[in-house]
Structures are given as structure tokens and as C-alpha cells.
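# Close look at the chain arrangement
Take a look at the letters that make up each chain.
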Amino acid sequence: MINHGMIEPGRSLTSILSSSQVGRLPAGSVLELRNRNDQPLFRLDESVLSFYPDPSEADQGSATAGGNRTVKDFINTIGSSPAVIVLISTGASGYTDYAVLTDLEIPSNILVYAHHGARFSVPAGVTLTINKQPKLGHYQVFSGDGDIRYGKTYNGIVNIKWFGAKGDGSTDDSLAISKCTESIRQSTSAIEEISGKSEIFIKKLPILYFPAGSYVSTDSVWCGVDRASGEDLTYAIQNIYFEPGAILVSKATDKPALDLSGAWSVNAQNVHIRGDGTSTPSIGILLSRTGESGGTDYSSGLHKFFNVTTDGSFSVCSVYNYASEVNTWIGCELHNNTGKAIFYQT
């Protein structure tokens, strides 16, 4: 039996689902959350346990004496069973922060859902690792200077809005975008490997995701590999997706807007880059080999670009290709108000 209903105005989910609650839905029932446009946001059925940590606990990464209070408590309680951990916003002004002060890994059998206004607060020196794509909307769910990482079983999107990007066309979203890209780049275990093959057959699974909006960036969006510091292809971002209506407005003066140096086999879809006419980036998309100390010059290529657009101004060119080999461009439009569209150098 399924009951349909509406949460009354002014009443939050917290008033319905109390903090530290744990339970199973009655047999045959379904809990489905929908937005005001009647679009489904989240769905639970009776086969899945749901857990609600207490945001007032000082450290969600530590177990408590009584149990069933923190995220760590519930990870211990759940074990290997499928389950959902739900972060509820208290409904008060601002954010409801769930502080993670101790390194915490959420295993792949646990799905995380965060209500709008609830977020993990992770300070510098602490790492939060997630192994299953969470159920999150286009809003911030990670704060602080700590590290967000994705485990080997993570196969899904990583949304720049989860890190605080606004996409309003005026806010500088550089820091939020950088936190998002680094969370993917540094997740070197979130890969699929073909046994016995060279590193070019590594596939990085997480998808860098831009929802609709205009994202201003005063720095390069860095998705490549720094061989000079010892990085290999496990650091590269290989999947980039822009939702229709998403635009990267680059104000990265004299820098590339999107830097793919050293990356291999990038799949970029619907990417739209606009170069600012005043704080003008040098290049829209940089495809380049990358060297390391000792002079080795690693190759780069096999990229696939679908429906990619560049417009506005770039002081050098829209796409700069330094010996990046065997790339595919389908349905792309490359424009530049102030210079070349494409420049190739061997």
C-alpha cells in the first residue's frame, strides 16, 4: 500500500524523521520524496534500511559509546547489508553541518542522501571517501578544506555544485571547481583496468559534471596529469559532461580555460566554453603532451569530443593541439572573436 501526501508549509523532514532514527519501512510501503514540480528526488522501499545520524555529534567519523548517533556508528551497525544514510537539514537558517573530524570511508553498500541544506563539513587533514554515487541534488554538500575521495567502486557523476559552485554568471566559482576536479584527480583508485595492458588502458570512472548555469572561473580547469611531480594516468579526469545550458565563462587571463595536458582518452560531451573579452584566456581547450624531469615526453590523445562549443575571445586560439594524436570531434563548433580557432604543433 502506498500513501501519497504533501509536507505542510513550514514543516521540515526533521519534524517527521527524528535525528538518530533507525528503522525499516512497513512491508509493502514506499517512501518517495518529490519536489514542488512533482519530480522524484529520492525513493526508499521496505527492503532497505534507512539511518539518520545526529548532526549535533562532534565527529561523524568516530563511533560513540551508545551507538546509533554518528555516520560511523551506523556503518558499524549496517555491516555489509544494503542501506541508506540520510543527512537531514534542521530547517534553521544556513546549513546543517555534519562534521567529519576523523578519516571516514563509506562503503559501497551504503547510499548517502543529503537533504538540501545538509552537508558534510571536512576540515584540512581529514579525508572522506565515498564508494557509491550519492543521491544529491544541485546544491552544496561538501564544505571545508579536507579531502573528498571516491573509491574503486564509485561509478557516477561528481557535481561541481556539491562543492559550492553557484553558476549564477557573476560569482567566481574557481575554488569550488578546483575542489571538485581535485577530488576526482586525486581519487586514483576509482579506475577500471584491463589486466596486462599498459597504463593507457586505465579508465577513470567518476564524471566531472556541470549542471545548467554560467560558471565563472579565473583559473584553468585542470583535468590533466603532472608527470613532473610523479603523476600517472590514474590522476587524469577522463569523463566531462555539461548539462544542456551549462557554460564555463573563462576569465583565466593568459591561461587555458580547460587544460587536458597529459590526459588520455578523455570523453567530453556538451562542453561549452566562453572566453571573456576583458580577462581573456589564452586557449579554450589545451591538448598537450606533458614531460617530466629527465626529458621524457609522454604522448596524449584518443580524446572524443561531442557537441563541444567554444565562443567569445581567446588570445591564442580556441583549441591548441601540441602533438595530441588520434582525436575525434563530432558536432563541434569552435569560434574565436580575436584569433585562430585551431592551432596544431608537432
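Scroll up to find the structure this text is about.
This text gives an overview of the structure that appears in the document. Since this is a predicted model, take the numbers as computed values, not measurements.

Attention now moves to the overall build of the chain. The number of helices and strands found in the chain is two helices and 35 strands. For the chain, restricting intrachain contacts to residue pairs at least 6 apart in sequence, the fraction spanning at least 24 positions comes to 65%. When the accessible surface of the chain is summed, it comes to about 15700 Å², and 49% of that surface belongs to carbon and sulfur atoms.

Summed over the entire model, instances satisfying the criterion amount to 10 aromatic pairs. When the ring of Phe120 is compared with that of Phe142, the centres are 6.4 Å apart and the planes differ by 15°; the resulting orientation is stacked. Of this pair, Phe120 sits in strand E9 (residues 118–121) while Phe142 sits in strand E11 (residues 142–143), and the two are 22 residues apart along the sequence. With respect to burial, Phe120 and Phe142 carry one shared label: buried. Three or more aromatic residues link up through ring pairs in this structure, and these residues are Phe120, Phe142, Trp162 and Phe163. Its guanidinium or amino end placed over the ring of Tyr95, Arg119 lies 3.9 Å from that ring's centre, counting from NZ or CZ.

Take the nonpolar core next. Core analysis: the largest hydrophobic core is formed by 73 residues, its most contacted members being Phe120, Ile240 and Leu260. Setting aside its immediate chain neighbours within four residues, Leu260 contacts Cys223, Gly224, Ile240, Val266, Ile285, Leu286, Leu287, Ser288, Ser300 and Phe305.

By the definition in use, this model includes 10 salt bridges. Linking Arg69 and Glu57 is a salt bridge whose minimum nitrogen-to-oxygen distance equals 3.3 Å. Highlighted residues: Arg69 in the loop between strand E4 (49–51) and helix H1 (71–78) and Glu57 in the loop between E4 and H1, separated in sequence by 12 residues. Given the relative accessible area of 23%, Glu57 is considered partly exposed. The salt bridge involving Glu325 is made with Arg289; its shortest N-O contact spans 3.1 Å.

Here we take up the sheet that holds strand E35 (residues 340–345). Through backbone hydrogen bonds, the strands of a sheet pair up, either in parallel or in antiparallel fashion. Sheet architecture is open: five strands sit in the order E19-E22-E25-E31-E35, paired in parallel fashion. A strand with exactly one partner marks an edge of an open sheet, and here the two such strands are strand E19 (221–222) and E35. As defined by bridge partners, strand E25 (residues 283–288) adjoins strand E31 (residues 317–322) across five bridges and the pair is classed as parallel. Bridging from a neighbouring strand, Ser288 pairs with Tyr322 of E31.

Now for unusual backbone geometry. Of note in this structure, Asn270 is not a glycine but carries a positive phi near 60°. Structurally, Asn270 can be placed in the loop between strand E23 (267–269) and strand E24 (272–275).

So, how was this worked out
Residues numbered from 1 in each chain as written. Predicted model: local features only at pLDDT ≥ 70, side-chain atom pairs only at ≥ 80, totals over all residues. Heavy atoms only, no water. Helix = DSSP H or I, 4+ residues; strand = E, 2+ residues; numbered from the N terminus. Contact = heavy atoms within 4.5 Å. Areas by Shrake-Rupley, 256 points an atom, 1.4 Å probe, with all protein chains shown as cover. Phe/Tyr/Trp six-rings, centres within 6.5 Å; stacked < 30°, edge-to-face > 60°. Buried < 20%, exposed > 50% of the residue type's maximum accessible area, 1.4 Å probe, protein only. Lys NZ or Arg CZ within 6 Å of the ring centre and 35° of its normal. Core = buried A, V, L, I, M, F, W, Y, C linked by side-chain atoms within 4.5 Å. Salt bridge = Lys/Arg side-chain N within 4 Å of Asp/Glu carboxyl O. Pairing = 2+ DSSP bridges.

Purely spatial values, then, with no claim about function.
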